Amino acid sequence: MKTVHILTYGCQMNVYDSARMADALKPFGFSVVDAAADADLVVLNTCHIRDKAAEKVYSELGRLAEAKAERAIRGRPLLIAVAGCVAQAEGEEIRARAPSVDIVIGPQAYHRLPGLVAEAERAGGFGLDIDFPVESKFDHLPAVDAASATIDGTSAFLTVQEGCDKFCSFCVVPYTRGAETSRPVTQVLAEARVLALAGVREITLLGQNVNNYHGAAPSGPGDWSLGRLIATLAEIDGIDRIRYTTSYPADVDDDLIAAHRDVPKLMPYLHLPVQSGSDSILAAMGRRHDRAAYFRLVDRLKAARPDLALASDFIVGFPGETEGDFAATVDLVERIGFAQAYSFKYSPRPGTPAASLGGQISETEKSERLARLQVAVDHHRLLFNQATAGRTMPVLFERHGRRAGQLIGRSPYMQPVHVDASDRHIGRILPVAVVAGYANSLEGRIAMSSEAVPVPA
Ligand code: 5AD
Ligand code: SF4
């Protein structure tokens with residue numbers, strides 16, 4: 001038996017892809033190990049979204065190069081593969097900067113990973129595959145099977161859409177993940193049924209622009225929208241919770257809003273990145289929404305599902321951002337009151353239009369704005385968490401807590417909930433009375449006897 005260790009950076013789609021790479025290698029005799037020291041093959045599944053994410057990869061490659069040299073002396077070779085968005089964006093440059101790398105493979109070529117590994121084992125040469133194939137990798141990767149070691153736990157990701165055609169001026173994704181494609185409905189439903197059989201209770205549908213899903217209909221002509229897909233996934237027994245991420249505001253359609261109204265299994269938490277609260281910055285970013293459109297959209301979503309909690313992404317220090325633009329972002333945070341938000345300093349990415357704009361903001365200024373934005377964001381997250389204290393809500397128990405006898409679950413609003421409860425509740429959804437809300441989590445107790453039957457989410 002050969003062994004592979006996969007190190008995953010970046011987004012949830014990379015987490016999903018890493019599992020699929022493991023699935024693809026399994027028929028070729030590879031089992032997954034937790035430590036690079038035990039592995040014959042190490043795959044770094046990388047992220048290129050910000051400079052910091054990409055640089056981490058090179059420092060890891062430095063460490064791996066030393067391990068590889070030492071292993072060669074001991075006669076147990078180590079193969080190193082770089083996958084993901086840095087592989088796609090930097091291709092051969094990786095080989096130049098890190099000569100110990102054997103394979104560079106882009107996100108659309110993972111079905112060809114076993115072939116490249118076999119080639120590298122046999123010939124020892126360098127393998128590069130960063131083509132965007134005409135056919136989808138999903139037509140060639142092995143189907144997820146219920147016995148797969150990569151289905152782990154009660155909550156799972158399921159990629160339904162990949163790539164992006166929006167070309168926001170700051171973003172590498174259209175270059176690293178390619179054009180928007182959607183998996184056919186039949187493929188998605190089949191994978192969801194397998195996940196349900198394997199004991200998964202919650203699925204998160206993934207896509208860089210997931211709400212522009214338009215997968216081929218199971219029969220007949222035409223495509224399905226994400227809203228229709230969600231309504232059909234909700235009919236699968238065993239799947240009790242559905243989420244999706246990440247959404248592009250201008251592509252939220254009536255079907256999706258209707259799903260928030262009509263599908264109780266669709267959780268009342270939505271990650272809807274706005275990026276900035278300033279119209280002139282939104283225009284310079286090439287976003288297809290302005291501030292007013294974002295507020296209107298939030299109103300429509302909340303009319304459909306009044307308890308909907310919102311999350312967002314923000315970039316501070318985009319080129320040309322004035323103190324007034326930044327104040328508009330803070331104001332938007334104050335008005336919407338996000339339950340969760342991720343904020344980043346603008347990072348110029350090679351090849352993207354914004355990287356060559358005038359008016360680049362200094363690091364000091366970016367850091368200072370980030371800190372100010374985070375104060376506002378943290379404040380609203382705390383308020384949101386505190387507001388759930390006193391309520392009873394269904395919690396999906398996922399794993400052990402740090403203390404013995406403690407479990408961690410998720411509320412419908414994605415809040416981690418700490419509860420004293422027995423192990424046998426892992427994988428169940430039980431009503432929890434929330435006792436307290438903190439900065440990043442809730443504390444609660446099971447609201448009925450431990451013999452209680454699970455309730456729907
Ligand atoms: N600099 C900083 N943040 C970025 N993001 C995307 N590109 C950049 C960049 N060049 C952020 C956006 C996006 C999230 C995944 O990462 O907020 O929504
Ligand atoms: Fe990073 Fe974007 Fe690639 Fe995900 S898709 S790994 S966030 S660059």
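Further up the page is the structure itself.
Once a new chain begins, its residue numbering starts again from 1 and follows that chain's sequence as written. To label them, take the chains in the order written and letter them from A, then take the ligands in the order written and number them from 1. Only residues with pLDDT of at least 70 get local features here, since the model is predicted, and only at 80 or more are side-chain atom pairs given and counted; chain-wide, interface and lining totals rely on the full set of residues. Side-chain numbers come from the whole structure's heavy atoms, not from hydrogens or water.

(A) Here's a closer look at the pattern of salt bridges. Only one rule defines a salt bridge in this text: a Lys or Arg side-chain nitrogen within 4 Å of an Asp or Glu carboxyl oxygen. Applying the stated criterion to the full structure yields 36 salt bridges. Across the salt bridge formed by arginine 76 and aspartate 40, the nearest N and O atoms sit 3.1 Å from each other. Of this pair, arginine 76 sits in the loop between α2 (51-74) and β4 (79-83) while aspartate 40 sits in the loop between β2 (30-32) and β3 (41-46); the two residues are 36 residues apart in sequence, bridging distant segments of the chain. Of the charged contacts in the structure, one is a salt bridge between aspartate 51 and arginine 349, with a shortest N-O distance of 3.7 Å. Of this pair, aspartate 51 sits in helix α2 while arginine 349 is found in the loop between β16 (340-345) and α12 (363-387), placing the two residues 298 residues apart along the sequence. Linked through salt bridges whose partners overlap, the residues forming this network are Glu321, Glu323, Glu365, Glu368, Arg369 and Arg372. The secondary structure listing takes helices from DSSP runs of H or I that are at least 4 residues long and strands from runs of E that are at least 2 residues long, numbered from the N terminus.

(B) The arrangement of the side chain of arginine 291 in detail. One can find arginine 291 in helix α10 (residues 291-304). It only takes one pair of heavy atoms within 4.5 Å for two residues to be counted as in contact. The contacts of arginine 291, once residues within four sequence positions are left out, are Gly277, Asp279, Leu282, Ala328, Asp331, Leu332 and Arg335.

(C) Molecular detail of the site of ligand 2. Surrounding ligand 2, one finds Cys11, Asn14, Thr46, Cys47, His48, Ile49, Cys85, Val173, Arg177 and Gln208. Residues that form the shell around ligand 2 fall into these classes: 5 nonpolar, 4 polar and 1 charged. Here the shell around ligand 2 spans two domains, since at least three of its residues come from each of domain 1 (2-129) and domain 2 (137-386). For this description, a residue counts as near a given molecule or strand if any of its non-hydrogen atoms is within 4 Å of it. Gly falls in the polar group here, along with every residue not listed as nonpolar (Ala, Val, Leu, Ile, Met, Phe, Trp, Tyr, Cys, Pro) or charged (Asp, Glu, Lys, Arg). Domain delimitation in this document rests on an assignment produced automatically or drawn from a domain database.

(D) Quick look at the nonpolar core. By size, the foremost hydrophobic cluster in this structure holds 57 residues, and its most contacted members are Ile203, Leu205 and Leu233. A per-element tally of this core places helix α6 (residues 185-197) first, with 7 residues. In this view, isoleucine 203 contacts Ala156, Leu158, Ala192, Leu195, Leu233, Ile239, Arg241, Ile242 and Arg243; residues no more than four positions away in its chain are not counted. Note on terminology: a nonpolar core comprises buried Ala, Val, Leu, Ile, Met, Phe, Trp, Tyr and Cys residues joined through side-chain atoms within 4.5 Å. Think of it in three bands: residues with accessible area under 20% of the maximum for their type are buried, residues over 50% are exposed, and the middle band is partly exposed, with areas taken using a 1.4 Å probe on protein chains only. Of all hydrophobic cores here, the second largest spans 25 residues; its members include Met13, Ala22, Leu113 and Leu206.

(E) Region of interest: the packing of α2 against helix α3 (residues 84-97). Where α2 contacts α3, the two axes come as close as 12 Å, and the packing angle between them is 35°. Handedness of the crossing formed by α2 with α3: right-handed. Here Ala54, Glu55, Val57, Tyr58 and Leu61 of α2 lie close against α3, whose contacting residues are Val86, Glu90, Ile94 and Arg97. Grouping the amino acids of the contact of α2 with α3 by side-chain chemistry returns 6 nonpolar, no polar and 3 charged. Helix axes use the C-alpha atoms of the stretch in contact, all axes being lines fitted to C-alpha atoms, and the angles between their N-to-C directions lie in the range 0 to 180 degrees. Crossing handedness: left-handed means the near helix sits turned counterclockwise from the far one by under a right angle, and right-handed means the same turn made clockwise.

(F) Broad picture of the packing of helix α11 (residues 323-336) against α12. Close contact between α11 and α12 brings their axes to 9 Å; oriented N to C, the two are set at 15°. Overall, the two elements α11 and α12 adopt an arrangement that is roughly parallel. Where α11 crosses over α12, the handedness of that crossing is right-handed. Here Glu323, Phe326, Thr329, Val330, Val333 and Glu334 of α11 come into contact with α12, specifically with Glu365, Arg369, Arg372, Leu373, Ala376, Val377 and His380. Here roughly perpendicular refers to angles of 65 to 115 degrees, roughly parallel to angles under 35, roughly antiparallel to angles over 145, and oblique to all remaining angles.

(G) Highlighting the environment of cysteine 11. Structurally, the position occupied by cysteine 11 is in the loop between β1 (2-8) and α1 (12-25). Sequence separation between cysteine 11 and cysteine 47 is 36 residues; the distance between their C-alpha atoms is 7.5 Å.

(H) Focus on the sheet that holds strand β21 (residues 442-446). Two strands form a pair only when DSSP identifies at least two bridges running between them. The strand order β17-β18-β19-β21-β20 describes a closed barrel built from 5 strands, whose pairing is mixed. The average undirected angle you get between the axes of adjacent strands in this sheet is 50°.

(I) Spatial organisation of the site of ligand 1. By nearness alone, every residue bordering ligand 1 is listed as Ile49, Arg50, Phe170, Gln275, Asp313, Ile315, Phe344, Lys345, Tyr346, Ser347 and Arg349. Elements with a contribution of two residues or more to the shell around ligand 1: β15 (309-316) and β16. Its residues assigned to classes, the shell around ligand 1 shows 5 nonpolar, 2 polar and 4 charged.

(J) Structural view of the environment of alanine 371. Along the chain, alanine 371 turns up in helix α12. Sequence separation between alanine 371 and serine 347 is 24 residues; the distance between their C-alpha atoms is 16 Å.

(K) Seen up close, α12. Expected span of a helix, by definition, is 1.5 Å for each gap between consecutive residues, and there is one gap fewer than residues. For α12, built from 25 residues, the straight-helix expectation of 36 Å at 1.5 Å per residue is met to within 8% by its first-to-last C-alpha distance of 36 Å. Residues Lys366, Arg369, Leu370, Leu373, Ala376, Val377, His380, Arg381, Phe384 and Asn385 constitute the buried set of α12. The inward-facing, buried residues of α12 contact β15, α11, β16, β20 (429-437) and β21.

(L) Geometry of the pairing of β4. For β4, the buried fraction is high: 5 of the 5 residues fall into the buried class. Summarising the sheet, β3 and β4 pair through 5 bridges and their orientation is parallel. Its bridge partner lying in β4, valine 42 is registered against isoleucine 80. Crossovers are marked right-handed if the path from the first strand over the helix to the second runs clockwise, as seen with the strands pointing away from the viewer. With α2 bridging β3 and the parallel β4, this β-α-β connection has right-handed handedness. With 3 bridges joining them, β4 and strand β5 (residues 103-105) adopt parallel strand pairing. From the neighbouring strand, alanine 83 faces β5, where its bridge partner is isoleucine 105. Crossover handedness for the path β4 to α3 to β5: right-handed.

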